Amino acid sequence: MDTSDYDDVCWLGDLNWDINRNSGFSTTMSRFTERLGLVSVWNKFPVGYTHIHTDFSSTSTIDHFLVNPRL
């Protein structure tokens, strides 16, 4: 993305990234998306979780839809 011209960006997927966790991976992903100027659609349309553990008691948000602010 740093070397290409584009109008808008929509990055989505099962990133296995829970933004609320305090881990190296979570910090790296947060910095990466901030550097690219991407924001989560969950900021505007909150969800409780996108994944539930097999124990049916643990949940997390690991699926993401990230877009540039114009979108």
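Residues numbered from 1 in each chain as written. Predicted model: local features only at pLDDT ≥ 70, side-chain atom pairs only at ≥ 80, totals over all residues. Heavy atoms only, no water.

On to helix α1 (residues 24-36). Spanning 13 residues, α1 covers 18 Å between terminal C-alpha atoms, matching the ideal 18 Å at 1.5 Å per step. Every buried residue of α1 is accounted for by S26, M29, S30, T33 and L36. For α1, the angular spread of the buried residues around the axis is 135 degrees, confining them to a single face. Across α1 from its buried face, at more than 90 degrees, point the exposed residues G24, R31, E34 and R35. On its buried face, α1 is in contact with β1 (10-14) and β5 (63-67). Of the residues trailing α1, G37 is marked for its positive phi of about 75 degrees. (Helix = DSSP H or I, 4+ residues; strand = E, 2+ residues; numbered from the N terminus. Expected span 1.5 Å × (residues − 1). Buried < 20%, exposed > 50% of the residue type's maximum accessible area, 1.4 Å probe, protein only. Arc of directions from axis to C-beta. Contact = heavy atoms within 4.5 Å.)

Right, let's talk about the environment of R35 for a bit. Relative to the helices and strands, R35 resides in helix α1. The spatial distance from the C-alpha of R35 to the C-alpha of C10 is 15 Å, given a sequence separation of 25 residues.

Attention now goes to unusual backbone geometry. If you check the backbone angles, N16 has positive phi at about 50 degrees while not being a glycine. Looking at the secondary structure, you find N16 in the loop between β1 and α1. The backbone phi angle of F56 is positive, close to 60 degrees, even though this residue is not glycine.

The next thing to look at is the confidence of the model for the protein chain. Residues of the protein chain with pLDDT of at least 70 account for 99%, and the chain-wide mean is 89. When mean pLDDT is taken per element in the protein chain, α1 scores highest with 94 and strand β4 (residues 59-60) scores lowest with 88. (pLDDT = per-residue confidence, 0-100.)

What follows covers the pairing of β5. Where β1 and β5 come together, five bridges link them in antiparallel fashion. Each bridged residue has a counterpart across the sheet, and for C10 the counterpart in β5 is V67. In this structure, strand β2 (residues 39-40) lies alongside β5, joined through two bridges in antiparallel fashion. Across the sheet, S40 pairs through a bridge with L66, a residue of β5. (Pairing = 2+ DSSP bridges.)

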